[in-house]
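Take a look at the letters that make up each chain.
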Amino acid sequence: MRTPPEPASGTARTAAGVLADAAAEHATVVLSAHVQPDADALGSTLALAEGLRRRGARVLATFPEPFVLPASLSWLPGAVGLVPSSAVPSSPDVFVSLDAASPGRLGELAPLLDRAGTSVVVDHHASNPGFGDVRVVDPGAPATVTLVADLLDGIGVTLDATLATCLYAGLSADTGSFRFGSTRPDTHVLAARLLETGIDHADISRRLFDTAPFGWLGLLSTVTGRARLETAVGAGLVWTWSSTAEAAEHGLPGEQLEALVDVVRSTEEADVACVLKGQDDGTWSVSMRSRGATDLSRVATALGGGGHRAAAGFTSHADREGTIAAIRAELSTSPSSRTAARPRAVPD
């Protein structure tokens, strides 16, 4: 019998109770990050999966197709134990969605939200519409891993270096190494807890942020060289484009394109930075970042995507010019001001 949906204000205590009961009953729990998981999504999934295993649950951790991890994340503890979506049961006792702003971000795993005995959604995206039976959704949280840390506390799992490595990876990535305005006092309190377990935070940061193949330099030169600045669009727009095919020409996987927007966003004259990433199926995956004057959550939602105020994205089925034209149109109607508060950025 399915659990009735809770309101979006459902607390971590309720979710922890569901998970603790599942572990005590040795129930089957499937956990999934969003498609093409980043450090926050994957770190959240791996940490909670390991915590539930320690409490006795039968756990399968996965994420939607394409079932490929970039080298920058494949080293995380527990990553080798991930299974493809085809290997998980279609009706688990509990299904946990982590860091997914909408059911669509779960790809072929989205039906488990309804088929599982109970579905739990753990997320920090402002655009999350509220889905799942039990919701732990806090747009004010700097990363989903902070919510997972609370859940681990709630089910009685002690943090050690293995769990802390996963959590710290997500925390440092989604706070921009604690540079973004979403960082709160309790963010540093959690970071201190994680460091106390003895993790090598310098090595984690090096693997996440400071390691890339030599081909990255060539791709970066090409993509930044074609960047365009349009100061008359909204509060200013800088944008460029690339593709998985172009990445391959430089000997790089398509996942490497995700890092481009963090380079383009440094442009002083533009509030919004945008990178269009051509996919093998002909669509464009669009990443957007704001310095603070533009609500990109609203823009992305209008274009079929979602995210945060300062970091959002969507998928476009139009061609490149049609895609950027749609972005220009939304930015031109978006309430913004060049004198707005400085960035409160949170990556997708």
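Keep in mind that this is a model prediction, so the values were computed, not measured.

Conventions used here
By convention here, each chain's residues receive numbers from 1 onward along its written sequence. Reporting of local features is limited, given that this is a predicted model, to residues whose pLDDT is at least 70; pairs of side-chain atoms are given and counted only at 80 or more, and all residues count toward the totals for whole chains, interfaces and linings. Only heavy atoms go into the side-chain values, all of them from the structure, while hydrogens and water stay out. Helix and strand assignments follow DSSP, with helices taken as H or I runs no shorter than four residues and strands as E runs no shorter than two, numbered in order from the N terminus. Partly exposed residues are those whose accessible area sits between 20% and 50% of the maximum for their type, while under 20% is buried and over 50% is exposed, using a 1.4 Å probe and protein chains only. Note on contacts: a residue pair qualifies if any of its non-hydrogen atoms lie within 4.5 Å across the two residues. Salt-bridge detection follows one rule: a side-chain nitrogen of Lys or Arg within 4 Å of a carboxyl oxygen of Asp or Glu. Note on pairing: two strands pair once DSSP finds at least 2 bridges between them. Helix axes are fitted only over the stretch in contact, all axes being lines through C-alpha atoms; the angle between N-to-C directions runs from 0 to 180 degrees. Across the chain, each position has a pLDDT score giving the predictor's confidence in that residue, from 0 to 100. Only Phe, Tyr and Trp rings take part, Trp by its six-membered ring, and two of them pair if their centres are within 6.5 Å. Stacked means planes under 30 degrees apart, edge-to-face means over 60, and tilted covers everything else. The criterion for a charge sitting over a ring is simple: Lys NZ or Arg CZ within 6 Å of the ring centre, and within 35 degrees of the ring normal. Note on convention: near helix rotated counterclockwise from far helix by under a right angle means a left-handed crossing. Clockwise means right-handed. When residue character is reported, Ala, Val, Leu, Ile, Met, Phe, Trp, Tyr, Cys and Pro are called nonpolar, Asp, Glu, Lys and Arg charged, and the others, Gly included, polar. To qualify as a nonpolar core, a set must consist of buried Ala, Val, Leu, Ile, Met, Phe, Trp, Tyr and Cys residues joined through side-chain atoms within 4.5 Å.

Our focus in this paragraph is the side chain of Ser-32. Residue position: Ser-32 is located in strand β1 (residues 28-33). For Ser-32, a relative accessible area of 0% gives the class buried. Every residue in contact with Ser-32, bar those within four places of it in the chain, is listed here: Thr-45, Thr-62, Phe-63, Pro-64, Phe-95, Val-96, Ser-97, Leu-98, Leu-106 and Leu-109.

So, on to the pattern of salt bridges. Evaluated as defined, the whole model comprises 13 salt bridges. Residue Asp-203 pairs with Arg-207 through a salt bridge whose shortest N-O separation is 3.0 Å. Linking Asp-203 with Arg-207, this pair stays in helix α7 (residues 201-209), spanning four residues, or about one helical turn. When its relative accessible area of 22% is taken as the criterion, Asp-203 is described as partly exposed. One network of salt bridges, with partners in common, ties together Glu-50, Arg-53, Arg-54 and Asp-160.

The next subject is the sheet that holds strand β5 (residues 134-137). Within a sheet, neighbouring strands are paired by backbone hydrogen bonds and run either parallel or antiparallel to one another. The five strands are arranged β2-β1-β3-β4-β5 in an open sheet whose pairing can be described as parallel. The open sheet has two edge strands, β2 (58-62) and β5, and neither has a second partner. Taking the axes of each pair of neighbouring strands and ignoring which way they run, one obtains an average angle of 15° across the sheet. This element, helix α2 (residues 39-54), spans β1, β2 and β3 (94-98) of the sheet and lies at about 165° to β1. Of the strands in this sheet, β3, β4 (118-123) and β5 touch helix α4 (residues 144-154), which is tilted by about 130° from β4.

What follows covers the environment of Leu-73. By the element assignment, Leu-73 lies in the loop between β2 and β3. Assessed through its relative accessible area of 4%, Leu-73 is described here as buried. In sequence terms Leu-73 and Pro-37 are 36 residues apart; their C-alpha atoms lie 9.1 Å from each other. If sequence neighbours within four positions are ignored, Leu-73 has contacts with Pro-37, Asp-38, Ala-39, Leu-42, Ala-79 and Leu-208.

Now for the confidence of the model for the chain. The predicted model of the chain averages 92 in pLDDT, with 93% of residues at 70 or higher. Counted against residues more than four places away or in other chains, residues 1-10, with its pLDDT under 50, gives 24 contacts. In this model, residues 337-348 is a region of pLDDT below 50 whose contacts with residues beyond four sequence positions or in other chains number 46 contacts.

Going through the model one piece at a time under the given rule, you end up with three aromatic pairs. Of note, Arg-320 hangs over the ring of Trp-241, and the distance from its end group to the ring centre comes to 4.0 Å.

This next bit is on the sheet that holds strand β10 (residues 306-307). Spatially, the six strands line up as an open sheet ordered β6-β7-β8-β9-β11-β10, and their pairing is mixed. Both outer strands of the open sheet, β6 (228-230) and β10, are each paired with one neighbouring strand and no more. In the sheet, β10 pairs with strand β11 (residues 311-316) via two bridges, with the strands oriented antiparallel. Considered in β11, the bridge of Gly-306 is made with Gly-313. Along the sheet face, helix α12 (residues 320-333) touches β6, β7 (237-243), β8 (272-278), β9 (284-290) and β11 and points at about 155° away from the line of β7.

Glancing now at the pairing of β5. Side chains of β5 alternate between two faces, with Val-134 and Val-136 and Arg-135 and Val-137 buried alike. Where β4 lies against β5, four bridges are found, and the strand directions are parallel. Among the inter-strand pairings, Val-120 is bridged to a residue of β5, identified as Val-134.

Glu-65 connects to Pro-66 through a cis peptide bond whose omega is 0°. Tracing the backbone through its elements, the reader meets Pro-66 in the loop between β2 and β3. For Gln-36, which is not glycine, the phi torsion reads 45° and is therefore positive. Topologically, Gln-36 is positioned in the loop between β1 and α2. According to the relative accessible area criterion, Gln-36 is partly exposed, its value standing at 38%. For Asp-99, which is not a glycine, the phi torsion comes out positive at approximately 70°. Tracing the backbone shows Asp-99 in the loop between β3 and α3 (112-115).

It is the contact of helix α5 (residues 161-174) with helix α6 (residues 185-195), at a shortest axis distance of 9 Å, that shows an interaxial angle of 145°. Note that α5 runs across α6; the crossing there is left-handed. Where α5 approaches α6, its residues Ala-164, Leu-167, Tyr-168 and Leu-171 are matched on the opposing element by Thr-187, Leu-190, Ala-191, Leu-194 and Leu-195. When its residues are assigned to classes, the contact of α5 with α6 shows eight nonpolar, one polar and no charged.

As a further point, take the nonpolar core. Leu-48 and Val-96 are the most contacted members of the largest nonpolar core, which totals 57 residues. The next biggest cluster of nonpolar side chains, apart from the first, holds 19 residues, and it includes Leu-276, Val-286, Ile-324 and Leu-331.

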